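Okay, here's what each chain looks like letter by letter:
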Amino acid sequence: MAAAESKPLLDVLMLNQPEQLKALGHPLRLRVLETLGAGESEHLTNRELASRLGVDPGHLHFHVRMLLRAGLIELAEAGQGREKPYRAVARTVRVAPALLKSEATSDLRAAMLDEVQRGWAEHGRSGKFRSAQVTARVTPEQAVELIQELVERAREAEDPSHAPLVITTVLHPPTTVDLQD
C-alpha cells in the first residue's frame with residue numbers, strides 16, 4: 001500500500017462492500033477507527049494506538065490490518081523503521097442503503113451494542129454514561145437526517161483538549177410489548 005502524503009480526510013466514506021462492514025464488526029476496530037478519525041493530523045503507529053486504547057500491540061495489529069485491508073484506514077507518512085503510522089480515510093463512515101437491508105450489518109450492530117453495554121458497565125454508576133430515548137412520529141428519512149445533523153454538530157463542537165465521548169444513535173419502529181409479563 002502506498003503511503004498517503006498529505007491527502008485530506010474524506011468527510012464521508014460510503015461503505016458498500018460486505019467486507020468493509022465485517023472489518024467494523026469488532027468493538028476494538030470501531031475504537032481504532034474512531035481514534036484515527038479524530039482529526040486531520042491523527043497519524044498513529046500500532047504501538048501508539050495500543051497505548052491509547054490500553055491493549056496489547058500484538059493483539060491490536062490483527063485488527064489494524066483488517067481495517068487497512070478493508071480500506072477504512074491507510075498508511076500515513078513513511079515513519080521510522082517498522083513503526084508505520086496509520087490514519088483514517090474519512091471522518092465519518094456511512095453504510096450504503098443496500099447493505100443496511102442485508103444481514104451484513106449484524107456484526108457491526110453487535111459491536112455497537114457491545115460498546116454501549118461495556119460503556120454502561122464501566123461508567124453507569126459514575127454518572128458519565130447518559131442515555132435518552134424518544135418516540136417521534138417522523139419518517140425514517142427524517143430520522144436519518146436528524147442523526148446526520150447530530151453528527152455534523154458534534155464534529156463542529158469538537159475540541160482536541162477534551163477527552164473523546166462515544167455518541168451512539170439507533171432508530172427503529174417501536175417493538176411490541178407483552179404486557180402480561
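Residues numbered from 1 in each chain as written. Predicted model: local features only at pLDDT ≥ 70, side-chain atom pairs only at ≥ 80, totals over all residues. Heavy atoms only, no water.

Q: Can you explain the overall build of the protein chain? Please cite residues and give values.
A: The secondary structure content of the protein chain amounts to seven helices and four strands. From first element to last, N terminus to C terminus, the protein chain shows the α and β order β-α-α-α-α-β-β-β-α-α-α. Within the protein chain, the proportion of its 181 residues that are buried is 30%. Of the roughly 12900 Å² that the protein chain leaves accessible, carbon and sulfur atoms contribute 54%. (Helix = DSSP H or I, 4+ residues; strand = E, 2+ residues; numbered from the N terminus. Buried < 20%, exposed > 50% of the residue type's maximum accessible area, 1.4 Å probe, protein only. Areas by Shrake-Rupley, 256 points an atom, 1.4 Å probe, with all protein chains shown as cover.)

Q: Would you mind going over the nonpolar core in detail, with residue names and values included?
A: Soluble globular proteins tend to bury their nonpolar side chains together. Counting residues in hydrophobic clusters, the biggest one holds 29 residues, and the most contacted among them are Leu24, Val32, Leu36, Leu60, Leu72 and Ile73. Considering every element that reaches this core, the biggest residue donor is helix 2 (residues 27-36), with five residues. Not counting chain neighbours up to four residues away, the residues in contact with Leu72 comprise Leu13, Leu15, Gln20, Ala23, Leu24, Leu33, Leu67, Ala88 and Val89. (Core = buried A, V, L, I, M, F, W, Y, C linked by side-chain atoms within 4.5 Å. Contact = heavy atoms within 4.5 Å.)

Q: Give a detailed account of the pattern of salt bridges, specifying residues and quantitative values.
A: Here the structure, examined in full by the defined rule, presents five salt bridges. One salt bridge connects Asp11 with Arg91, and the closest N-O pair in it is separated by 3.6 Å. Here Asp11 is found in strand 1 (residues 10-15), whereas its partner Arg91 is found in strand 4 (residues 90-95), with 80 residues between them in sequence. On the accessibility criterion, Asp11 (54% relative accessible area) is exposed. Judged by its relative accessible area of 29%, Arg91 falls in the partly exposed class. With a shortest N-O distance of 3.6 Å, Arg47 and Glu83 are connected by a salt bridge. In this pair, Arg47 sits in helix 3 (residues 46-53) while Glu83 sits in the loop between strand 2 (73-75) and strand 3 (86-88), placing the two residues 36 residues apart along the sequence. Overall, the relative accessible area of 52% leaves Arg47 in the exposed class. Each of Asp114, Glu115 and Arg118 takes part in a single network of salt bridges with overlapping partners. (Salt bridge = Lys/Arg side-chain N within 4 Å of Asp/Glu carboxyl O.)

Q: If you had to explain the packing of aromatic side chains to someone new, which residues and values would you point to?
A: Per the counting criterion, the structure on display carries one aromatic pair. On the basis of an interplanar angle of 80° and a centroid distance of 5.2 Å, the ring pair of Trp120 and Phe129 is categorised as edge-to-face. On the basis of relative accessible area, Phe129 is assigned to the partly exposed category, the value being 21%. (Phe/Tyr/Trp six-rings, centres within 6.5 Å; stacked < 30°, edge-to-face > 60°.)

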